[in-house]
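# Structure assessment
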Amino acid sequence: QQQQIAAAGAGSITSSSCSSRSSSPLQTNSSSSSSSSRGRSCSPMRSQAVATAGIGSLNAGGSAAVSAQPVDALSQLAELLQAASLPLLPSAAAAELSILLWSQVSMSDGQTAGQTSSVTTPRPWMEAWLAASKRSFSFGSPSSRDLAQWLWCLAKRGVRPNGQWLASFQVASFRQMASASSQDLSNMLWALATLGTPPDPAWLQQHLREFGRRQAQRSPLPQHLSNVGWALAKLSHRPDRDWLAKYQEDVLMALPKFRPQEISNVLWALAVLNCKAEQALLKQCQAYMAARLPSFKANEVAVGLWALARLRGQPELRLMGAALQHCFSQARQLTPKGLSLLMWSVGNMTTPPPKAWVVKLLVATQVRMQGFSAQELSTLAVSLARLEYRPPQAWLDSFAAAAAGQMGNFGAQALANTLWALATLHYTPHEDWMTAFDAQLQLHVTSCTPAHIAMTMWAMSSLQWLPQQPLWGQLQERAELHSASYCLRSQRMLSRAVRVLEKVDADDE
């Protein structure tokens, strides 16, 4: 019976193509190579920021009229497999556990003619599988391929095991690290980052050493480089200088084989990790984007331009113009995140951009203003302030309304940046907006840096807005506390701001 179940699971895997989901900064779908019936691990190749293309996508074409029948058949197959395999899970071998989990994930994410499968994995089945796999850590000796596939499938399904399971996984995978392939290593790190589970520092250091050895033994694969870079950025782990230098060399060597999303993810990772990027790599990436711009999706372009600007690899004016035109032609595909990154890239150009670029971005952002997050709204305002470009009053009113709706999600930096930007643009929000701003700032005032305090007090003085107590007193106290860290210019700015606000207070009395 175990052999029949394994064969059924392997058959379902063999008939499907393998793709993945990740929380990269992009929102794109693509598929990867087909998988074998031996339960070979599939790596998270083409990823999405928030959405997904399922592992074992069963979309083989066909009309919408007949799409419901394959989906129903798939659901019935999944239910039969779950019922038959549940009592066998406690005694299943590591390879059998891999096949069973992969088949569940493949069928759960199957699609037919654009219709998403309704297959779900019952909680009792998943709990039984986790218990069986945990026992296998100690008695089953799972291979590095099995371990990578287990964690990848769990991340794909969004199932976060408990701390004991994850600790056992790290112990077992640490022992198998020397025999893991480059694909297994990239899959494991990708899955941990997707689950939001930072690994043990010793585990991570060993992983990076082994990954570096694999890359030295054979030509580096773009998919693996992209996955590892993205995962490190999500985990906020910056490797040492030598590792990063070798990583960039490998990226440069494999650059002609990269796909648009992969190169965008690599640039994003380097920018998020605040790495010192090699100029040769940045120039080649710009040349790559210029040559293959039509194959880029709008959000991939937005991420690439933002990352190049952050890495001091400012794109040439000609490339910027072509890239923006390409994005505008796909405006409906741009997410609010993509639009905010584009605005940031334009706002941080070394040479003033043409006014037409800014106008088009304003039109695109105003239409979707309510969909922006607090951080994205702050990015929009700061970018325009740096450009010293005041949008129309209607745009500013829409911005203020959207910011009011997101006020509870603003942090200390976003609050300071947003108020500074509005004051720079000579826009005065209404009193209710400022009152809500004060209330949110009161929650974060203790986490404000000296720069945040200086920007906020300057903006309040420009807007002639005196915050209520105790916020006003706290701002003054923190400004005095950090007075030694301010430069002479900041000290003068703060002094003027305090005098202006004190005068406003006296006039009110």
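See the structure shown above.
Per chain, the residues get numbers from 1 upward, laid out in the order the sequence is written. Two thresholds apply to this predicted model, a pLDDT of at least 70 for residue-level local features and 80 or more for giving and counting side-chain atom pairs, whereas whole-chain, interface and lining totals are computed over all residues. Working from all heavy atoms in the structure, the side-chain values ignore hydrogens and water.

## Some details on the packing of helix α13 (residues 298-310) against helix α14 (residues 317-329)
Between two packed helices, what matters for the description is the angle formed by their axes and the separation of those axes. For every element, the axis is a line fit to its C-alpha atoms; helices are fit only across the contacting stretch, and the angle between N-to-C directions ranges from 0 to 180 degrees. Only DSSP runs of H or I reaching four residues or more are called helices, and only runs of E reaching two or more are called strands; each is numbered from the N terminus. It is at 9 Å that the axes of α13 and α14 come closest, and there the two elements cross at 150°. Crossing angle aside, the handedness with which α13 passes α14 is left-handed. Contact residues: Ala298, Val301 and Leu305 in α13; Met320, Ala323, His326 and Cys327 in α14. The handedness criterion is simple: a crossing whose near helix is rotated anticlockwise from the far helix by less than a right angle is left-handed, and one whose near helix is rotated clockwise is right-handed. Only heavy atoms matter for contacts: two residues are in contact if any of them lie within 4.5 Å across the pair.

## Brief notes about the pattern of salt bridges
For side chains of opposite charge, pairing can occur when their charged atoms come near one another. For this document, the term salt bridge refers to a Lys or Arg side-chain nitrogen within 4 Å of an Asp or Glu carboxyl oxygen. Evaluation of the coordinates by the stated rule reveals 5 salt bridges. With its nearest N and O atoms 2.9 Å apart, the salt bridge here joins Glu210 to Arg214. Residue Glu210 and its partner Arg214 are both found in helix α8 (residues 201-217); the two are separated by 4 residues, about one turn of the helix. Assessed through its relative accessible area of 9%, Arg214 is described here as buried. By sharing partners, the salt bridges in this structure join Glu210, Arg213 and Arg214 into a single network. Exposed residues in this analysis have more than 50% of their type's maximum accessible area, buried residues have under 20%, and partly exposed residues fall in between, with area computed by a 1.4 Å probe over protein chains only.

## Some words on the environment of Ser447
Of note, Ser447 is situated in the loop between α20 (431-444) and α21 (450-462). Residue class for Ser447 comes out partly exposed when judged on its relative accessible area of 44%. Linking Ser447 and Gln413, residues 34 residues apart in sequence, is a C-alpha distance of 9.1 Å. Excluding anything up to four places from it in sequence, Ser447 contacts Ala412 and His452. Only 2.8 Å separates the side chain of Ser447 from the backbone oxygen of His444, close enough to count as a polar contact. Any pair of nitrogen or oxygen atoms within 3.5 Å is treated as a polar contact; in protein, a donor-acceptor pairing is required on top of that, and neighbouring residues in sequence qualify only through side-chain atoms on both sides.

## A look at unusual backbone geometry
Here Gln469 and Pro470 are connected by a cis peptide whose omega angle stands at 5°. Positive phi, close to 55°, is recorded for Ser236, a residue that is not glycine. Position of Ser236 among the secondary structure elements: in the loop between α9 (222-234) and α10 (241-254). Within the chain, Asn274 stands out as a residue other than glycine whose phi angle is a positive 55°. Structurally, Asn274 can be placed in the loop between α11 (260-272) and α12 (279-292).

## Quick word on α9
To estimate the expected span of a helix, subtract one from its residue number and multiply by 1.5 Å. Taking 1.5 Å of rise per residue, 13 residues should cover 18 Å, and α9 covers 18 Å from first to last C-alpha, within 8% of that figure. Taking burial as the measure, the 13 residues of α9 include 12 buried ones, the bulk of the element. Taken together, the buried positions of α9 are Pro222, Gln223, His224, Leu225, Ser226, Asn227, Val228, Gly229, Trp230, Ala231, Leu232 and Ala233. Just downstream of α9 lies Ser236, where phi reads positive at about 55°.

## Quick word on the packing of aromatic side chains
In this analysis, rings of Phe, Tyr and Trp, with Trp reduced to its six-membered ring, are considered paired at centre separations within 6.5 Å, and the interplanar angle assigns stacked below 30 degrees, edge-to-face beyond 60, and tilted for intermediate values. Counted under the stated rule, the structure contains 11 aromatic pairs. Here the aromatic residues Trp129, Phe137, Trp150, Trp165 and Phe169 are joined through ring pairs into a cluster of three or more.

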